[in-house]
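Descriptive structure summary
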Amino acid sequence: MNLIREDINDIEAYKPGKPIEEVRRELGLNNIVKLASNENPLGPSPRALTAVKKALRTLNRYPEGSCFNLKRKLAKVLGIHEGNLMFGNGSDELIDVILKVIKAPDADIITSDATFVEYKIGGRVNGFRIITVPLKDFTFDLPAMLERVTPKTKAVFIANPNNPTGTYVTAAAVSDFLARIPENVLVVFDEAYFEFVDEKDFPRTLELFRKGGRRNIAILRTFSKIYGLAGLRVGYMIAAEDFIGAAERVRQPFNVNSLAQAAACAALDDRAFVRKSRQLVRREKRLMYKAFAKLGIWFKKSAANFIFIRTNKDTQELFTELLRQGVIIRDMSSFRLNRYSRVTIGTKKENLKLLNALKNIKRL
Ligand SMILES: Cc1ncc(COP(=O)(O)O)c(C=O)c1O
């Protein structure tokens, strides 16, 4: 066993949402609804599907390591230089790539105590000390995070909107934060859910690149959510040209597979699918708020495609009782948020199944 780094043993492995197939096997249920991983319930973008079918014929070839077509297209859509853009095997990979680029001995990264867990896992694997700052009203507390910055701090990770709480930091809060953070600390804005955001005071971080501005910022986004391509794994990073240059050297040579590249390219043209996905989330989210209020379930208003709720039940108990009825949600026990849970917005039918299942639970 002493082959293995000691600190790896202390890392808790990432716990994904329970897969539908697993529930089918374990409970013998047929009609199962998964509202546990913030996926797009409408399926993949239809244009992406067509592109994947066409790309199947070239699977004997290695993919283009540079994501040439995808990069050219997305840079145009975003209005930024291609040199500010790179792709990853999901934004998950890019979190790890960032950490590898900035890795230093005796260094730390700062994030919040209840956020996307990959910052902490990746940080620890790469040897960083992790400083977690409590959320304030379930929202990233940027002033409190600033206070924890020291000469040892290499990066701050901000999920905006935050997973699992669905809250966001405003343009004003970000502007204040960026004015005060030292230039040698990288600020990572993980905007995996930004396409779902309707709120007018959400920060326009991309503008910072159009103006050629700040060098110590990285933005992460993904094709997993609004484009419905979670299974193909494509994410992207927008950052300063020299940072992207370093990150390109660190990543695996063929990190984004050819089907994923073709699908992402086609999905960018599928404006109808994006619109439909956004509308579904907007409409259903409102209905879910009403239904939760009626059931006496506390919830936090969300800027994303999921809702953070609190019940009188222990989160694992709620998870199990819903699972028995064929509904998979995300329990929050890994955050020790024992009465909280996270539910993804599904189709109308899926959401109704969740609501009916909740109605069957006693002492909710
Ligand atoms: C905040 C946040 N960042 C990143 C990811 C990972 O996205 P990807 O599928 O692109 O790896 C998720 C996925 O749930 C997320 O919630």
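Each chain carries its own residue numbering, running from 1 in the direction its sequence is written. This being a predicted model, a pLDDT of at least 70 is required before a residue's local features are given, and a value of 80 or more before pairs of side-chain atoms are given or counted; all residues contribute to the totals for chains, interfaces and linings. Note: side-chain values were computed over all heavy atoms of the structure, leaving out hydrogens and water.

A few points about the site of the ligand
The near set for a molecule or strand comprises every residue that places at least one heavy atom within 4 Å of it. Taken together, 13 residues lie near the ligand, and Ser-91, Asp-190, Tyr-193, Thr-222 and Ser-224 sit nearest. One nitrogen or oxygen atom from the main chain of Asp-92 is found 3.0 Å from an oxygen atom belonging to the ligand. A distance of 2.7 Å separates an oxygen atom of the ligand from a polar atom in the side chain of Asn-163. Here the Shrake-Rupley method, with its probe set to 1.4 Å, supplies the accessible areas, and only the displayed protein chains count as covering residues. When the ligand is considered free in solution it has 390 Å² of accessible area, and contact with the protein chains removes 94% of it. In protein, a polar contact requires one atom able to donate a hydrogen and another able to accept it; more generally it is a pair of N or O atoms within 3.5 Å, and residues adjacent in sequence count only if both atoms are side-chain atoms.

As for empty space enclosed by the protein
Within this scheme a cavity is a closed region of a 1 Å grid, computed over the protein atoms alone, that accommodates a 1.4 Å probe without allowing it to escape, whereas a pocket is open but has protein on both sides within 12 Å along at least five of seven lines; lining residues each have an atom within 4 Å of a point. Grid points are joined across faces, edges and corners, and a volume is the space filled by probe spheres set on the points. Inspection of every chain in the model, using the stated rule, returns one cavity of 30 Å³ or more. As for the largest cavity, its lining consists of Gly-65, Ser-66, Cys-67, Lys-71, Phe-87, Glu-248, Arg-251 and Asn-255. In the scheme used here, Gly and all other residues not listed as nonpolar or charged are polar, with Ala, Val, Leu, Ile, Met, Phe, Trp, Tyr, Cys and Pro taken as nonpolar and Asp, Glu, Lys and Arg as charged. When grouped by side-chain class, the residues that make up the lining of the largest cavity number two nonpolar, three polar and three charged.

Notes on the packing of helix α11 (residues 271-295) against helix α13 (residues 348-359)
As a packed pair, α11 and α13 sit with axes 11 Å apart at the nearest point and diverge in direction by 10°. The angle between α11 and α13 places the two elements in the roughly parallel class. Along its contact with α11, which presents Glu-284, Leu-287, Met-288, Ala-291, Phe-292 and Leu-295, the element α13 presents Lys-348, Asn-351, Leu-354, Leu-355, Leu-358 and Lys-359. Partitioned by chemical class, the residues of the contact of α11 with α13 number eight nonpolar, one polar and three charged. Axis angles are defined between N-to-C directions and span 0 to 180 degrees, where every axis is a line fitted to C-alpha atoms and, for a helix, only to the segment in contact. Here a strand is any run of E in DSSP of at least two residues, a helix any run of H or I of at least four, and the numbering for each starts at the N terminus. Roughly parallel means an angle under 35 degrees; roughly antiparallel means over 145; roughly perpendicular covers 65 to 115; every other angle is labelled oblique. Contacts: residue pairs with any heavy atoms within 4.5 Å of one another.

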